[in-house]
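Summary of the model geometry
Below, each chain spelled out in residue letters.
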Amino acid sequence: MISIGLPEKGKQLISHLNLNHGEDYLFVDPENALYDALDLNFGIKETFFSPATPFAFLDRFTKPNGMKDLNEVLSKWINGGFYRPPKQSQAFNQGGTFVLNGETTVFAHYDESTGAHAKVEDVLKLAIEVAGSSN
């Protein structure tokens, strides 16, 4: 996992979330180098005013247990997990999800807006398939 932030904040986040061996898979990008290279979506419109945002939340609100993950994440975020990015402009970055096999991109999802993420179950299934085929 790659995140905007400083190394010391990454260590605090790993501790806050009780991630076993989190330092093995959390990498920080304080200068935004990877976000910029991947040309991830950015801006106030994409972050708050995109039509995709309410649709992403509607999808979450209407599927069974759709709020479970969000409530879990928000409870950890509200209770000490909020970190400001090193640069104020980074608060308007949208993320993405990528599965790689060596230098080959097997899956790429650019978050269109806040809440418009790739489906974790589908990404994990694909990543496990790719890992199995690489052995």
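Residues numbered from 1 in each chain as written. Predicted model: local features only at pLDDT ≥ 70, side-chain atom pairs only at ≥ 80, totals over all residues. Heavy atoms only, no water.

**Overview of the overall build of the chain**
A count of helices and strands for the chain gives six helices and four strands. For the chain, the N- to C-terminal ordering of α and β elements is β-α-β-α-α-α-α-β-β-α. Principal-axis analysis of the C-alpha atoms gives the chain an extent of 40 × 35 × 30 Å. Relative to its full complement of 135 residues, the chain shows a buried share of 24%. A separation threshold of at least 6 residues defines the contact pool for the chain, and within that pool the share at least 24 residues apart is 65%. Entry remark: accessible area of the chain is about 9600 Å², with carbon and sulfur atoms responsible for 58%. Both charge centroids of the chain, one from 11 positive and one from 17 negative side chains, sit 7 Å from each other. (Helix = DSSP H or I, 4+ residues; strand = E, 2+ residues; numbered from the N terminus. Buried < 20%, exposed > 50% of the residue type's maximum accessible area, 1.4 Å probe, protein only. Contact = heavy atoms within 4.5 Å. Areas by Shrake-Rupley, 256 points an atom, 1.4 Å probe, with all protein chains shown as cover. Lys, Arg positive; Asp, Glu negative; His and termini not counted. Charge placed at Lys NZ, Arg CZ, Asp CG, Glu CD.)

**Things to note about the pairing of strand β3 (residues 96–101)**
The sheet contact formed by β3 and strand β4 (residues 104–110) spans six bridges and is antiparallel. When the bridges of β4 are listed, G96 appears paired with Y110. Between the antiparallel neighbours β3 and β4 lie two residues, among them G102 with a positive phi of about 65 degrees. (Pairing = 2+ DSSP bridges.)

**A word on the confidence of the model for the chain**
Averaged over every residue, the pLDDT of the chain is 85; the share at 70 or more is 94%. Here helix α5 (residues 66–81) stands out as the element of the chain with the lowest mean pLDDT, 71, in contrast to β4, whose mean of 95 is the highest. (pLDDT = per-residue confidence, 0-100.)

**Some thoughts on the packing of aromatic side chains**
Enumeration according to the criterion identifies two aromatic pairs in this entry. Pairing F57 with F61 gives two aromatic rings, centres 6.1 Å apart and planes at 40 degrees, and the pair type is tilted. In this pair, F57 and F61 both sit in helix α4 (residues 52–62), four residues apart, roughly one turn of the helix. Exposure remark for F57: the relative accessible area of 25% places this residue in the partly exposed category. Centroid distance F98 to Y110: 5.4 Å. Interplanar angle 90 degrees. Geometry classified as edge-to-face. Residue F98 is found in strand β3, and its partner Y110 is found in strand β4; the two are separated by 12 residues along the sequence. Overall, the relative accessible area of 27% leaves F98 in the partly exposed class. (Phe/Tyr/Trp six-rings, centres within 6.5 Å; stacked < 30°, edge-to-face > 60°.)

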